[in-house]
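Okay, here's what each chain looks like letter by letter:
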Amino acid sequence: MKRNIGNLFALYPTPAVVIGATVDGKPSWTLVAHIGIVAHDRLLVSLHASHYINKGINESRRLSVNIVTEEFLPQADYCGIVSGNKTDKSTVFDSVTGDDGTPMVGESPLTMECQVEDMYECNGFENFVCSVRHTYADDRVLDTDGKPDYACLRPVLFEMPTYRYLRTGDVIGHCTDAGRKYKEYLAE
(Lines give C-alpha, C1' and ligand atoms only; values in the text may rest on other atoms or scores of the structure.)
Protein backbone atom coordinates (compact mmCIF):
# COMPACT_ATOMS: atom_id res chain seq x y z
CA MET A 1 0.00 0.00 0.00
CA LYS A 2 1.24 3.47 -0.86
CA ARG A 3 1.65 6.02 1.89
CA ASN A 4 0.79 9.71 1.43
CA ILE A 5 4.07 11.60 1.94
CA GLY A 6 2.63 15.08 1.41
CA ASN A 7 2.94 17.40 -1.55
CA LEU A 8 6.54 16.41 -2.32
CA PHE A 9 7.61 17.36 -5.84
CA ALA A 10 8.83 13.93 -6.95
CA LEU A 11 9.89 14.31 -10.58
CA TYR A 12 13.61 14.28 -9.87
CA PRO A 13 16.36 13.49 -10.81
CA THR A 14 16.94 16.02 -13.57
CA PRO A 15 20.12 16.83 -15.46
CA ALA A 16 22.34 19.40 -13.79
CA VAL A 17 23.18 22.18 -16.24
CA VAL A 18 25.12 25.40 -16.17
CA ILE A 19 23.24 28.30 -17.73
CA GLY A 20 25.39 30.87 -19.48
CA ALA A 21 24.53 34.42 -20.54
CA THR A 22 26.23 37.75 -21.05
CA VAL A 23 25.69 40.22 -18.22
CA ASP A 24 27.20 43.71 -18.42
CA GLY A 25 29.52 42.62 -21.24
CA LYS A 26 30.94 39.52 -19.52
CA PRO A 27 29.95 35.85 -19.40
CA SER A 28 28.08 34.78 -16.30
CA TRP A 29 27.17 31.29 -15.14
CA THR A 30 24.73 29.66 -12.76
CA LEU A 31 23.99 26.03 -11.91
CA VAL A 32 20.40 24.99 -12.56
CA ALA A 33 18.40 21.82 -12.01
CA HIS A 34 14.99 23.35 -12.70
CA ILE A 35 14.99 22.56 -16.40
CA GLY A 36 12.57 20.60 -18.49
CA ILE A 37 11.02 19.87 -21.85
CA VAL A 38 7.95 21.89 -22.75
CA ALA A 39 7.34 20.51 -26.26
CA HIS A 40 9.36 18.71 -28.92
CA ASP A 41 10.97 22.03 -29.82
CA ARG A 42 11.02 23.99 -26.53
CA LEU A 43 12.73 23.71 -23.18
CA LEU A 44 12.11 25.54 -19.93
CA VAL A 45 14.73 27.07 -17.64
CA SER A 46 13.37 28.20 -14.27
CA LEU A 47 15.46 30.70 -12.29
CA HIS A 48 14.55 32.63 -9.16
CA ALA A 49 14.04 36.27 -10.14
CA SER A 50 16.85 37.37 -7.81
CA HIS A 51 19.55 35.63 -9.90
CA TYR A 52 22.11 38.01 -11.36
CA ILE A 53 22.17 36.14 -14.68
CA ASN A 54 18.48 36.88 -15.30
CA LYS A 55 19.38 40.47 -16.18
CA GLY A 56 21.50 39.30 -19.11
CA ILE A 57 18.95 36.73 -20.24
CA ASN A 58 16.15 39.29 -20.19
CA GLU A 59 18.25 41.82 -22.14
CA SER A 60 19.68 39.52 -24.83
CA ARG A 61 16.89 36.90 -24.91
CA ARG A 62 19.67 34.30 -25.24
CA LEU A 63 21.20 31.68 -22.96
CA SER A 64 23.25 28.53 -23.18
CA VAL A 65 22.40 25.23 -21.54
CA ASN A 66 25.60 23.34 -20.74
CA ILE A 67 25.32 19.71 -19.63
CA VAL A 68 27.34 19.10 -16.44
CA THR A 69 29.67 16.10 -16.25
CA GLU A 70 31.70 14.87 -13.31
CA GLU A 71 34.86 16.38 -14.78
CA PHE A 72 33.74 19.93 -14.05
CA LEU A 73 31.16 19.35 -11.31
CA PRO A 74 33.20 21.29 -8.68
CA GLN A 75 33.19 24.44 -10.83
CA ALA A 76 29.52 23.99 -11.72
CA ASP A 77 28.57 23.49 -8.08
CA TYR A 78 30.57 26.61 -7.16
CA CYS A 79 28.48 28.61 -9.67
CA GLY A 80 25.40 27.43 -7.79
CA ILE A 81 26.57 28.59 -4.36
CA VAL A 82 28.01 32.04 -5.12
CA SER A 83 25.99 34.98 -6.39
CA GLY A 84 26.95 36.86 -9.52
CA ASN A 85 25.82 39.97 -7.67
CA LYS A 86 28.85 39.58 -5.35
CA THR A 87 31.30 37.37 -7.29
CA ASP A 88 32.62 37.70 -10.84
CA LYS A 89 32.13 34.19 -12.26
CA SER A 90 33.22 35.11 -15.80
CA THR A 91 36.53 33.19 -15.56
CA VAL A 92 35.30 30.03 -13.83
CA PHE A 93 35.05 28.24 -17.20
CA ASP A 94 36.85 28.39 -20.50
CA SER A 95 34.20 30.51 -22.20
CA VAL A 96 33.55 29.88 -25.88
CA THR A 97 31.04 31.78 -27.99
CA GLY A 98 28.21 30.17 -29.94
CA ASP A 99 27.14 31.17 -33.43
CA ASP A 100 24.55 33.55 -31.95
CA GLY A 101 27.09 35.16 -29.59
CA THR A 102 26.04 33.32 -26.44
CA PRO A 103 28.75 32.35 -23.93
CA MET A 104 29.11 28.59 -23.52
CA VAL A 105 31.09 26.43 -21.11
CA GLY A 106 34.11 25.12 -23.02
CA GLU A 107 34.42 22.18 -20.61
CA SER A 108 30.88 20.96 -21.33
CA PRO A 109 30.80 18.20 -23.95
CA LEU A 110 27.22 19.12 -24.94
CA THR A 111 25.78 22.63 -25.10
CA MET A 112 22.56 24.06 -26.50
CA GLU A 113 22.49 27.71 -27.54
CA CYS A 114 18.95 28.94 -26.97
CA GLN A 115 16.66 31.81 -27.87
CA VAL A 116 14.11 32.89 -25.25
CA GLU A 117 10.69 32.74 -26.88
CA ASP A 118 8.58 33.53 -23.82
CA MET A 119 8.92 34.18 -20.10
CA TYR A 120 6.40 33.88 -17.34
CA GLU A 121 6.67 34.51 -13.63
CA CYS A 122 5.47 32.08 -11.00
CA ASN A 123 6.08 32.21 -7.24
CA GLY A 124 9.16 34.42 -7.56
CA PHE A 125 10.70 32.46 -10.44
CA GLU A 126 11.26 33.64 -13.99
CA ASN A 127 10.52 30.75 -16.31
CA PHE A 128 12.21 31.06 -19.69
CA VAL A 129 10.65 29.08 -22.53
CA CYS A 130 13.41 28.63 -25.10
CA SER A 131 13.94 27.26 -28.57
CA VAL A 132 17.21 25.48 -29.27
CA ARG A 133 19.03 27.39 -32.02
CA HIS A 134 22.26 25.36 -32.10
CA THR A 135 23.55 22.24 -30.36
CA TYR A 136 27.30 21.73 -30.00
CA ALA A 137 28.80 18.36 -29.05
CA ASP A 138 32.27 16.89 -28.68
CA ASP A 139 32.82 13.97 -31.05
CA ARG A 140 33.58 11.71 -28.07
CA VAL A 141 29.92 11.92 -26.88
CA LEU A 142 28.33 11.19 -30.27
CA ASP A 143 27.28 7.80 -31.61
CA THR A 144 28.01 6.59 -35.15
CA ASP A 145 24.90 8.43 -36.42
CA GLY A 146 26.09 11.74 -34.94
CA LYS A 147 23.53 11.71 -32.11
CA PRO A 148 24.36 12.23 -28.41
CA ASP A 149 25.29 8.95 -26.71
CA TYR A 150 24.37 9.46 -23.07
CA ALA A 151 26.36 6.39 -22.00
CA CYS A 152 29.45 8.29 -23.19
CA LEU A 153 28.23 11.75 -22.13
CA ARG A 154 27.33 10.58 -18.60
CA PRO A 155 25.54 13.75 -17.46
CA VAL A 156 25.36 14.48 -13.75
CA LEU A 157 21.84 14.27 -12.37
CA PHE A 158 20.46 16.34 -9.49
CA GLU A 159 18.01 14.77 -7.05
CA MET A 160 15.73 16.71 -4.76
CA PRO A 161 14.67 16.89 -1.91
CA THR A 162 17.97 15.42 -0.63
CA TYR A 163 20.13 17.74 -2.79
CA ARG A 164 22.40 14.97 -4.07
CA TYR A 165 24.18 14.47 -7.39
CA LEU A 166 23.83 11.09 -9.13
CA ARG A 167 25.64 9.29 -11.94
CA THR A 168 23.63 8.19 -14.93
CA GLY A 169 22.92 4.49 -15.16
CA ASP A 170 22.98 1.73 -17.71
CA VAL A 171 20.87 1.48 -20.85
CA ILE A 172 17.95 -0.84 -20.07
CA GLY A 173 16.28 -0.92 -23.46
CA HIS A 174 15.09 0.94 -26.51
CA CYS A 175 11.95 3.07 -26.36
CA THR A 176 8.86 1.09 -27.49
CA ASP A 177 10.52 -2.37 -27.25
CA ALA A 178 9.07 -3.18 -23.82
CA GLY A 179 5.65 -1.88 -24.85
CA ARG A 180 5.63 -3.99 -28.01
CA LYS A 181 6.52 -7.10 -26.01
CA TYR A 182 3.77 -6.33 -23.53
CA LYS A 183 1.32 -5.75 -26.40
CA GLU A 184 2.25 -9.19 -27.84
CA TYR A 185 1.79 -10.74 -24.39
CA LEU A 186 -1.72 -9.23 -24.13
CA ALA A 187 -2.62 -10.55 -27.58
CA GLU A 188 -1.76 -14.15 -26.62
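Residues numbered from 1 in each chain as written. Predicted model: local features only at pLDDT ≥ 70, side-chain atom pairs only at ≥ 80, totals over all residues. Heavy atoms only, no water.

Caption draft 1: Looking closely at the overall build of the chain. Along its length, the chain carries four helices and 12 strands. If one aligns the C-alpha atoms of the chain with their principal axes, the spans along those axes are about 65 × 45 × 30 Å. Relative to its full complement of 188 residues, the chain shows a buried share of 37%. When contacts within the chain are restricted to residue pairs at least 6 apart in sequence, those whose partners lie at least 24 apart make up 60%. Of the roughly 11700 Å² of accessible surface on the chain, 52% is carried by carbon and sulfur atoms. Here the chain holds 18 positive side-chain charges and 26 negative ones, and the gap between their average locations is 6 Å. (Helix = DSSP H or I, 4+ residues; strand = E, 2+ residues; numbered from the N terminus. Buried < 20%, exposed > 50% of the residue type's maximum accessible area, 1.4 Å probe, protein only. Contact = heavy atoms within 4.5 Å. Areas by Shrake-Rupley, 256 points an atom, 1.4 Å probe, with all protein chains shown as cover. Lys, Arg positive; Asp, Glu negative; His and termini not counted. Charge placed at Lys NZ, Arg CZ, Asp CG, Glu CD.)

Caption draft 2: Molecular detail of the packing of aromatic side chains. Tallying each qualifying case throughout the model produces seven aromatic pairs. With centroids separated by 5.5 Å and ring planes inclined at 90°, the aromatic side chains of Trp 29 and Phe 93 adopt a geometry described as edge-to-face. With Trp 29 in strand β3 (residues 26-32) and Phe 93 in the loop between α2 (73-81) and β7 (95-97), this residue pair connects regions lying 64 residues apart in the sequence. Comparing Trp 29 with Phe 93, the two get one shared label, buried. Clustering of aromatic rings is evident, with ring pairs tying together Phe 9, Tyr 12, Phe 158, Tyr 163 and Tyr 165. (Phe/Tyr/Trp six-rings, centres within 6.5 Å; stacked < 30°, edge-to-face > 60°.)

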